[in-house]
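Observations on the model geometry
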Amino acid sequence: MGTTSTSRTESTTLQKQMAGWAIERFGDLRRDRALLSLEKLPVPKVEKHDVLIRMYGAEIGDWDALVASGEWSVERSFPIVLGLAGSGTVVAVGKDVVGIEKSDLVWTYSHPLSHRGCRSHHHNGSWAEYMLVPFRRVALAPTSIDLTYVGGAPIVGLTAHETIVDILQVERHDVVLITAAAGGVGHLAVQLAARRGAHVVAIARKQNHEFLRDLGAEMLIDYAEEDFVHATRKLFPEGVDKALNGVEGATANKVVQAVRPRGHVVDLTGSATRVLPAGRVDTDYVVRPNRVRLATLAQMFDRKELKLEVAHKVAFKHAPRALADVLAKQVRGVLVLEIP
């Protein structure tokens, strides 16, 4: 889907109430969609370090189900507005905010909703008309991508960049295996690794192979048709150098089997139990807010060094259905929740 740049304008009159998708108790959204309801809530109050954003796009991910279950704490009392990231226009700033001004087009990732030194009890999730965020978690959005679409990229972008660049430290000539390669994190990780001169082995369904080859993957394996560990070891008998896994369950241990003994694996799902004899398997990764990294990613998008694949945008009223689609792991790129 195309991502043509657009601008948005806002009324100078701030509403007192807003619509937001919230939970009133913890539970399993995979089994009980009724946990999530569209509510009328007060617009958050701006404190001195805060930025209030009129939201246009919000990111949807499996982390939202973790928040709803209570497993991934946002340190807030009920009702809890879901969504941890998105994009929009700044409508108000606190008196101590630096680098962000009213009317700026921005994107953000905020977790937990409270933070060290925070005195505000009003920070909220992104699945709402307004999101209140500490200014240090906000950056100017890419200008080359539709502002709504940008909202689908903060978490996947931060995750791909930090794991490929800082944790795995992918270098030229490294052989890097990436599972869920056509997904949100995966399709950006493929591009980042390829740009750094690595040889990328992408694990994905066959219908996504041409898409991933265009993004820089050199070797493609359809996990539905063949055992990817066997296929990888045929190509690289000693194993690949590094791997990024985004598929939970038994796949995580299979990824470790495909890596050489002194290699390095980042398992985003925390499912891996196997170890590498002289290597490293990271299973405790949690993406962190990082304003500087968001700014770096914005520049990469605007310089056409990264391409964002948006499967489609979903109407605000269909948020529960959109989350179900993401949890089913059949989305190429990202889904974006469009906030009217």
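Up top you'll find the structure we're talking about.
Since we're looking at a predicted model, the values are computed, not measured.

**A short note on the sheet that holds strand β12 (residues 240-245)**
Pairing is parallel across the open sheet formed by six strands, whose spatial order is β11-β10-β9-β12-β13-β14. The sheet is open, and its two edges are formed by β11 (219-221) and β14 (280-282), each paired on a single side. Going across the sheet, the axis of each strand differs from the next one's by a mean of 15°, ignoring polarity. Sitting on the sheet, helix α3 (residues 154-167) is in contact with β12, β13 (259-267) and β14, with an inclination near 150° to β13.

**Observations concerning helix α6 (residues 228-235)**
Buried within α6 we find Phe228, Val229, Ala231 and Thr232. In a view along the axis of α6, the buried residues occupy a sector of 165°, so they form one face of it. Residues of α6 that are exposed and angled more than 90 degrees away from the buried face: His230 and Lys234. Capping the start of α6 is the job of one residue whose side-chain oxygen sits 3.1 Å from the backbone nitrogen of Val229: Asp227.

**Examining the pairing of strand β15 (residues 310-315)**
Strand direction decides the pairing type here: β15 and strand β16 (residues 334-338), joined by five bridges, are parallel. The residue bridging Lys313 from the neighbouring strand is Val336, located in β16. Taken together, β15, helix α9 (residues 319-327) and β16 form a β-α-β motif whose crossover is right-handed.

**Re the packing of α6 against helix α7 (residues 250-257)**
Two elements in contact, α6 and α7, have axes separated by 9 Å at closest approach and are oriented at 15°. Judged by the angle between their axes, α6 and α7 are roughly parallel. Taken as a pair, α6 and α7 cross one another with a handedness that is right-handed. Side by side, α6 and α7 meet where Phe228, Val229 and Arg233 of the first sit next to Thr251, Lys254, Val255 and Gln257 of the second. In the contact of α6 with α7, the residues fall into three nonpolar, two polar and two charged.

**Details of the pattern of salt bridges**
Counted under the stated rule, the structure contains 13 salt bridges. Here Asp166 ties to Arg293 by a salt bridge, and the two come within 2.6 Å at their closest N and O atoms. Residue Asp166 is found in helix α3, and its partner Arg293 is found in helix α8 (residues 291-302); the two are separated by 127 residues along the sequence. Residue Asp166 is classed as partly exposed on the basis of its relative accessible area of 38%. Given the relative accessible area of 10%, Arg293 is considered buried. We note a salt bridge from Asp241 to Arg260, for which the minimum N-O separation is 2.7 Å. Residue Asp241 is located in strand β12, and its partner Arg260 is located in strand β13; the two are separated by 19 residues in the primary sequence. The buried category is assigned to Asp241, whose relative accessible area is 18%.

Rules used in this analysis
- Residues numbered from 1 in each chain as written.
- Predicted model: local features only at pLDDT ≥ 70, side-chain atom pairs only at ≥ 80, totals over all residues.
- Heavy atoms only, no water.
- Pairing = 2+ DSSP bridges.
- Helix = DSSP H or I, 4+ residues; strand = E, 2+ residues; numbered from the N terminus.
- Axes fitted to C-alpha atoms, helices over the stretch in contact; angles between N-to-C directions.
- Contact = heavy atoms within 4.5 Å.
- Buried < 20%, exposed > 50% of the residue type's maximum accessible area, 1.4 Å probe, protein only.
- Arc of directions from axis to C-beta.
- Polar contact = N/O pair within 3.5 Å; in protein donor to acceptor, adjacent residues only side chain to side chain.
- Right-handed = clockwise from strand over helix to strand, strands pointing away.
- Parallel < 35°, antiparallel > 145°, perpendicular 65-115°, else oblique.
- Left-handed = near helix turned anticlockwise from the far one by under 90°.
- Nonpolar A, V, L, I, M, F, W, Y, C, P; charged D, E, K, R; others polar.
- Salt bridge = Lys/Arg side-chain N within 4 Å of Asp/Glu carboxyl O.

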